Amino acid sequence: MREVWVDLGLDRSYKVIIAAGILEETGRLLERSIGKRKVMIISNPLVFSLYGERVIHALQSAGMKVHTALIPDGEEYKNLRQVNRMLDEAVTAGLERSSLILALGGGVVGDLAGFTASIYQRGIRCIQVPTTLLSQVDSSVGGKTAVNHPRGKNMIGTFHQPSLVIIDTMTLTTLAEDEYRGGLGEVVKYGVIYDRALFQLLEEKALMLKEREQAAVQEIVYRCVKIKSEIVAEDERESGLRMVLNLGHTFGHSLEKLGNYKSIKHGEAVAIGTLIASLLSREMDLLDDCSVKRITALFKELGMAMSFPDYNAEDIYEGMLNDKKVQDEILRIVLPRGIGGYEIIDNPGRDLLLNIIENAAEL
Ligand code: NAD
Ligand code: GLY
């Protein structure tokens, strides 16, 4: 078992526990760090059918009262209507200020459950039990919660740190191949932008990771959570350093939007976005050609197809300008500076960006 401490001062610090097969320990871990409480599990039918009974049994064995509420599976259900349903469930279950909401699922469940917890009775505790690679290495840690508005992703949300994160890497064995690969895209992001040694480790263990060998998966999840916790501890509200986690996202979001959030997965879009960012870095002499090749090779070795979608470069560029991260008309882009470092640049220029996007399509 490995542990990471997210250091946010007296009130809001918490532990992330990572191990294979610890779902069974949920009740004991929760009781030890928070106490015996009433718990409402929020999950979706797919994840609940796989892991729900195990978690309920663990909680009940530790003497906790458990209520379960499910949202339908899918990003399209990450909305206020489902939040309302969850609030109704919380009232029906008689959740009190001291009760807990436990998110069992991927980033969709985690974001929605975290948001619900943050507004129910002005905020109750939330426990994250992430079950996708993306949610284990990224979304369950750091306290960003959100639901979508019909006109934009993650438009409605809060910062609400969890009180505990329990990561059972064994849950990844049932994850669909494309979802797992998507998570690997986020893993590579940490190496490229923040940790050269992690990038090297990923190169060494690419095959094992692709095959989901537990020892390798656990090691990598731990390394990523550690990086995320450092970044969040330094910049909880994303006024500076936390922006580096957006590597590849400004390009990626535009690709996702052009595909109506259906034809290209988030992780794949981020991977292609990371590649575009790397090409831009090379153009600006922040990254050498050999490093660009290493990044592309790693993505490929991890099983990413890296096939560039057939969208018009102008449309991709327009989509980037409409990203919610564009503020005061400044298009801010995170770029790798060598492998393991970063540079944030403003308004790189339309012609340069179009040129890079067109070249990336030919790779
Ligand atoms: P997801 O939650 O939709 O899960 C992907 C699919 O995998 C779903 O069908 C789900 O039911 C299924 N699934 C989950 N765990 C499984 C398991 N163990 N076995 C089999 N199937 C399983 O997608 P995601 O990639 O986990 O999360 C994406 C969401 O996360 C987006 O809404 C994004 O905005 C959000 N996000 C949030 C943050 C943050 O900091 N809060 C960061 C990154 C992404
Ligand atoms: N995934 C981006 C963040 O947590 O800031």
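Before any of the text, the structure's been laid out above.
Residues numbered from 1 in each chain as written. Chains lettered and ligands numbered in written order. Predicted model: local features only at pLDDT ≥ 70, side-chain atom pairs only at ≥ 80, totals over all residues. Heavy atoms only, no water.

Participant: For this particular structure, what's the right way to read the packing of helix α7 (residues 177–194) against helix α8 (residues 196–210)?
Facilitator: Packed helices, taken two at a time, are described by the angle their axes make and the gap between the axes. Between α7 and α8, whose axes approach to 7 Å, the crossing angle comes to 155°. Classed by the angle they form, the pair α7 and α8 counts as roughly antiparallel. Here α7 runs over α8; the crossing is left-handed. Contacts between α7 and α8 involve Tyr180, Leu184, Val187, Val188, Tyr190, Gly191, Val192 and Tyr194 from the former and Arg196, Leu198, Phe199, Leu202, Leu209 and Lys210 from the latter. (Axes fitted to C-alpha atoms, helices over the stretch in contact; angles between N-to-C directions. Helix = DSSP H or I, 4+ residues; strand = E, 2+ residues; numbered from the N terminus. Parallel < 35°, antiparallel > 145°, perpendicular 65-115°, else oblique. Left-handed = near helix turned anticlockwise from the far one by under 90°. Contact = heavy atoms within 4.5 Å.)

Participant: Quick question: what am I supposed to make of the side chain of threonine 169 here?
Facilitator: When you line up the elements, threonine 169 lands in the loop between β9 (164–168) and α7. In this view, threonine 169 contacts Ile18, Ala19, Ala20, Gln136, Gln214, Val217, Gln218 and Val221; residues no more than four positions away in its chain are not counted.

Participant: Would you mind showing me how to read the site of ligand 1 here?
Facilitator: Around ligand 1 sit 25 residues in total, of which Glu75, Gly107, Thr131, Thr132 and Thr174 are the nearest. Here a nitrogen atom of ligand 1 sits 2.9 Å away from a polar atom, N or O, in the side chain of aspartate 111. Measuring from a nitrogen atom of ligand 1, one finds a backbone N or O atom of lysine 144 at 2.9 Å. In isolation ligand 1 offers 860 Å² of accessible surface; the protein chains occlude 88% of this area. When residues in the shell around ligand 1 are grouped by element, the largest group, 4 residues, is from helix α3 (residues 45–61). For the shell around ligand 1, a count of residues per class yields 7 nonpolar, 9 polar and 9 charged. (Near = heavy atom within 4 Å. Polar contact = N/O pair within 3.5 Å; in protein donor to acceptor, adjacent residues only side chain to side chain. Areas by Shrake-Rupley, 256 points an atom, 1.4 Å probe, with all protein chains shown as cover. Nonpolar A, V, L, I, M, F, W, Y, C, P; charged D, E, K, R; others polar.)

Participant: Can you walk me through the site of ligand 2 in this structure?
Facilitator: Residues in contact with ligand 2, as listed here, are Asp138, Lys144, Lys228, Glu238, Arg242 and Leu245. Between ligand 2 and arginine 242, the relevant distance is 2.7 Å, taken from an oxygen atom to a side-chain nitrogen or oxygen of the residue.

Participant: What should I look at first to understand the nonpolar core in this one?
Facilitator: A general feature of soluble globular proteins is that nonpolar side chains tend to end up buried together. Counting residues in hydrophobic clusters, the biggest one holds 76 residues, and the most contacted among them are Val16 and Leu209. Looking at this core, the element that brings in the most residues is helix α9 (residues 214–234), giving 10 residues. Listed in part, the 24 residues of the second largest apolar core include Leu23, Val47, Leu100 and Leu102. (Core = buried A, V, L, I, M, F, W, Y, C linked by side-chain atoms within 4.5 Å. Buried < 20%, exposed > 50% of the residue type's maximum accessible area, 1.4 Å probe, protein only.)

Participant: What exactly am I supposed to notice about the pattern of salt bridges here?
Facilitator: Two side chains carrying opposite charge are able to pair once their charged atoms lie near each other. Tallying each qualifying case throughout the model produces 24 salt bridges. Between glutamate 177 and arginine 181 there is a salt bridge whose closest N-O contact spans 4.0 Å. One end of the pair is glutamate 177 and the other is arginine 181, both in helix α7 and 4 residues apart, which spans about a single turn. Among the residues examined, arginine 181 registers a relative accessible area of 21% and is labelled partly exposed. Arginine 282 is the partner of aspartate 289 in a salt bridge, and the nearest nitrogen-oxygen pair spans 2.5 Å. With relative accessibility at 33%, the residue arginine 282 sits in the partly exposed group. Through salt bridges with shared partners, a single network forms among Arg2, Asp195, Glu219 and Arg223. (Salt bridge = Lys/Arg side-chain N within 4 Å of Asp/Glu carboxyl O.)

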